[in-house]
Amino acid sequence: MTGRIVVCLASAVVCALIALMLFAIPALALIAALLGLWFPLNARARKRRMERQQMREELPVLLDRLASSIQAGQSMSAAFVDAAFTPAGRLTPVLSAAAADVRATADVPRAVSAAADMLNDPMADRAFLTVRVVADIAGSSAPALLHASAAQLRSDVSAQAEVDAKRAWVRASAGVAVSAPWITVAVMTLHASAADSYRSRTGACVLLAAGALCTLGYLGMRLIGRLPTSPRVMRP
Amino acid sequence: MTDVVHGVQSWLIQVPAILSGVGAKVVAAISPASALWPAVVLALASVTLAFPSVQLHKLEKRVLPWAAPGWQAPTPKRIRVAELMRRGNEVVAARRMTAGLATALSLLVLLATSRVGAALVAGASATAATTLIARTSRDFRATQQRRSIRYELATVTDFLALAVSAGLSVESALTRVPSYFRGVIAENIESREPSARAMDVLRTLAQHNSDTRGLLDALTVCEATGAPTAQVLHEQAQSAANRVRADALASAGRREVLMLIPVVLFVFPAVVLVAIFPGWQELHSSGW
């Protein structure tokens, strides 16, 4: 936590110094510092989204592995414990916890529900729901069902990735729109007298007001651009 | 449009209240005792509120979900089908409330300007405006609900296809839905009468929701013609997933256009502000 704050503060200071060196306008440096505070948070959210996407791509692979193990003659719980020994991926920690659970209780449906709760993701819900249903009701047809579900899930994950890409575009276009006033300021400061007028007290007020307007506009765009997320539908 | 017409109609019912206000005004004009005014206003207000279509306290529980979109009825079970059917009542509630507001406004205008025409116009336009707002918010919530049922139905159909391929019958697969899912469909199946079949619940839901009707039709056709149910359910699941995806993409496209609103309202003024400020200050300092 403190590390994160330090990173935020450091990026704020660096941004402020760069702005100060380029333009020598105090108000602009202040705005750059605020922007710098926000950068690491944004990077973190982006990293989390990327990890989530990677996790989703591993889900069909998990189903296929389970199907192969069951086809080879293993029971569902043995196949599940085996599936936890994957090359390290995003799913590995959750899977090994669930496998320990299965080894202790041999209750695959419950362990799978706990794993889905840990991941808290609609796509993971779909995959683990399939495992649960197959463990509950499927007999000899389990491998075929798992393979079919894996194929379905693969296409759903790619469809979801398409929607997410659209969302990322919307987010990026909001950023581009909000950068317009600052490009204007940068061009204006090429003229020395304009730069001087921004350094005055009224000028600082004008820049801060523009910053506030941009923040409002950006928040508004994010609010409008936020697509409805699919809710979790699996019952624990 | 019909909403607006209905709104104006239910407002017209209250014209007698307004006319009684005119009468009071005439009385006040004949004997201009200013101390009478508060009493007249009070009497008018009580007449308006006692009028059958403006019993606001009864409307409260219907207006609440309208005013606060996240509001849910306190009883968790069996309310969801009711919630789908409540739209009829909700329309009436919104209409009555707009009529009450319009009457209050036209009375205010009447007292302020003592012009009957102005009061009628104010009341009618207030009715039209509030009705439109109410209808938009109702449509918005209906869309939200339809979308959440659509998503839920996609996952439930997927499960049904899986369960039927595993060898269960459609009915027993449906009865297992509540143990795996939460949401409208699962809750309705869980809270059905003990003697009712899960299929009947689907039938009830299909009366209000076209997606559910599609699934029900497909199942009925399978039952009637002996078509392979598992395969048909797989196809249904596929098309449900496609619908969800098309919805998401369409909404993304719509939102891209709506995002111009903050650009015009906030970012454009910011650009203009920073662009004209240096020139303005130069003019200012040179004595203009």
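See the structure printed just above.
On a predicted model such as this, the values are computed, not experimentally measured, just so you know.

Undergrad: Can you walk me through helix α13 (residues 260–285) of chain B in this structure?
TA: Side chains three or four residues apart in an α-helix point the same way, a direct result of the helix having 3.6 residues per turn. The end-to-end C-alpha distance of α13(B), which contains 26 residues, comes to 36 Å, matching closely the 38 Å that a straight helix rising 1.5 Å per residue would cover. Maximum bend of α13(B): about 40 degrees, positioned at B:Phe277, with proline B:Pro278 one to four residues after it. Regarding α13(B), the residues found buried are B:Pro262, B:Val263, B:Val267, B:Ala270, B:Val274, B:Phe277, B:Pro278 and B:Gln281. Residues of α13(B) that are buried sit in contact with α7 (142–188), α8 (192–199) and α9 (201–225) of chain A together with α12 (229–258) of chain B.

Undergrad: Looking at this structure, I do not really get the packing of helix α6 (residues 122–137) of chain A against helix α8 (residues 170–180) of chain B. What am I missing?
TA: When two helices pack together, their arrangement is given by the angle between their axes and by how far apart the axes lie. Across the interface, α6(A) lies against α8(B) with an axial gap of 12 Å and an inter-helix angle of 130 degrees. In this view, α6(A) runs oblique relative to α8(B), as classed from their interaxial angle. Note that α6(A) runs across α8(B); the crossing there is right-handed. Residue-level contacts link A:Leu129, A:Arg132, A:Val133, A:Asp136 and A:Ile137 of α6(A) to B:Arg176, B:Ser179 and B:Tyr180 of α8(B).

Undergrad: Whenever I open this one, the pattern of salt bridges confuses me. Can you help?
TA: As a working rule, side chains carrying opposite charge can pair if their charged atoms are close by. Residue and element names in this part refer to chain A. Per the stated rule, a full pass over the model turns up 15 salt bridges over all chains. Here Glu 51 and Arg 90 are joined by a salt bridge, their closest N and O atoms 3.7 Å apart. One end of the pair, Glu 51, is in helix α2 (residues 26–71); the other, Arg 90, is in the loop between α3 (76–83) and α4 (92–105), and 39 residues separate them in sequence. Glu 51 gets classed as partly exposed once you look at its relative accessible area, which sits at 25%. Residue class for Arg 90 comes out partly exposed when judged on its relative accessible area of 37%. For Arg 126, the salt bridge identified is with Asp 156, shortest N-O distance 2.6 Å. With Arg 126 in helix α6 and Asp 156 in helix α7, this residue pair connects regions lying 30 residues apart in the sequence. Through salt bridges that share partners, Arg 52, Arg 56, Asp 121, Asp 164 and Arg 167 make up one connected network.

Undergrad: Any chance you could explain a positive patch on the surface here in plain terms?
TA: Residue and element names in this part refer to chain A. Among the surface-exposed residues, Arg 4, Arg 44, Lys 47 and Arg 48 lie close enough to one another that they form a single positively charged patch. The element contributing the most residues to the positive patch is α2, with three residues. By secondary structure assignment, the location of Lys 47 is in helix α2.

Undergrad: Sorry if this is basic, but what is going on with empty space enclosed by the protein here?
TA: Over the atoms, a rolling probe the size of a water molecule traces out where space has been left empty. This model, assessed by the stated rule, comprises four cavities of 30 Å³ or more. Surrounding the largest cavity, 16 residues form its lining, A:Arg126, A:Thr130, A:Ser149, B:Asp158 and B:Leu162 being those nearest its centre. Residue assignment for the lining of the largest cavity shows that the elements contributing at least two residues are α6 and α7 of chain A together with α7 (116–165) of chain B. No other element matches the five residues that α6(A) contributes to the lining of the largest cavity.

Undergrad: Sorry if this is basic, but what is going on with the interface of chain B and chain A here?
TA: Interfaces are frequently sized by the accessible area removed from exposure as the parts join. At the interface, 43 residues of chain B touch 58 residues of chain A. Summed over both partners, the interface of chain B with chain A buries about 4500 Å², with 70% contributed by carbon and sulfur atoms. Of all residues in chain B, B:Tyr180, B:Arg182 and B:Met259 give up the largest surface area on contact with chain A, accounting jointly for 16% of the area buried on that side. Inspection of the chain B/chain A interface yields two salt bridges. A:Arg126 serves as the salt-bridge partner of B:Asp158, at 2.9 Å between the closest nitrogen and oxygen. Between chain B and chain A we count eight residue pairs in polar contact (both at pLDDT 80 or more) in total. Counting only elements with at least two residues in the side of chain B that touches chain A, the list comes to α7, α8, α12 and α13 of chain B. Ranked by residue count, the leading element in the side of chain B that touches chain A is α13(B), at 14 residues. Class assignment for the residues of the side of chain B that touches chain A results in 27 nonpolar, six polar and ten charged.

How each quantity is defined
- Here the residue index of a chain counts from 1 through its sequence in written order.
- Chains and ligands are labelled sequentially in the order written, the chains with letters from A and the ligands with numbers from 1.
- For this predicted model, a pLDDT threshold of at least 70 governs which residues receive local features, and a threshold of 80 or more governs which side-chain atom pairs are given and counted, while totals over whole chains, interfaces and linings are taken from all residues.
- Water and hydrogen atoms were dropped before computing side-chain values, which therefore reflect all heavy atoms in the structure.
- For helices the rule is a DSSP run of H or I covering at least 4 residues; for strands it is a run of E covering at least 2, with both sets numbered from the N terminus onward.
- In this analysis, the expected span of each helix is defined as 1.5 Å times one less than the number of residues it contains.
- A residue's bend is simply the angle between two axes: one fitted to the seven residues ending at it, one to the seven starting at it.
- The classification of residues rests on relative accessible area computed with a 1.4 Å probe and restricted to protein chains. Under 20% of the type maximum is buried, over 50% is exposed, and intermediate values are partly exposed.
- Note on contacts: a residue pair qualifies if any of its non-hydrogen atoms lie within 4.5 Å across the two residues.
- Axis angles are defined between N-to-C directions and span 0 to 180 degrees, where every axis is a line fitted to C-alpha atoms and, for a helix, only to the segment in contact.
- An angle counts as roughly parallel when it lies under 35 degrees, as roughly antiparallel when it exceeds 145, as roughly perpendicular when it falls between 65 and 115, and as oblique in every other case.
- Crossing handedness: left-handed means the near helix sits turned counterclockwise from the far one by under a right angle, and right-handed means the same turn made clockwise.
- We count a salt bridge whenever a side-chain nitrogen from Lys or Arg sits within 4 Å of a carboxyl oxygen from Asp or Glu.
- The patches described consist of residues with a relative accessible area above 30% and no salt bridge, like charges being joined within 9 Å and nonpolar side chains (Val, Leu, Ile, Met, Phe, Trp, Tyr) within 5 Å.
- Note on areas: Shrake-Rupley, 1.4 Å probe, and residue coverage restricted to the protein chains presented here.
- As used throughout, the charge tally considers Lys and Arg to be positive and Asp and Glu to be negative, leaving His and the chain termini uncounted.
- The atoms used to mark charge sites are NZ of Lys, CZ of Arg, CG of Asp and CD of Glu.
- Residues are called lining when one of their atoms sits within 4 Å of a cavity or pocket point, these points coming from a 1 Å grid over the protein atoms alone, where a cavity is a set in which a 1.4 Å probe fits but cannot get out and a pocket is an open set with protein on both sides within 12 Å along at least five of seven lines.
- Grid points are joined across faces, edges and corners, and a volume is the space filled by probe spheres set on the points.
- Buried area is calculated as the accessible area (1.4 Å probe) missing from two parts once they are joined, with the contributions of both summed.
- Polar contact is the term for a pair of N or O atoms within 3.5 Å; when the atoms are in protein, one must be able to donate a hydrogen and the other to accept it, and sequence-neighboring residues count only if both atoms are side-chain atoms.
- Residue polarity follows a fixed list, in which Ala, Val, Leu, Ile, Met, Phe, Trp, Tyr, Cys and Pro are nonpolar, Asp, Glu, Lys and Arg are charged, and the others, Gly among them, are polar.

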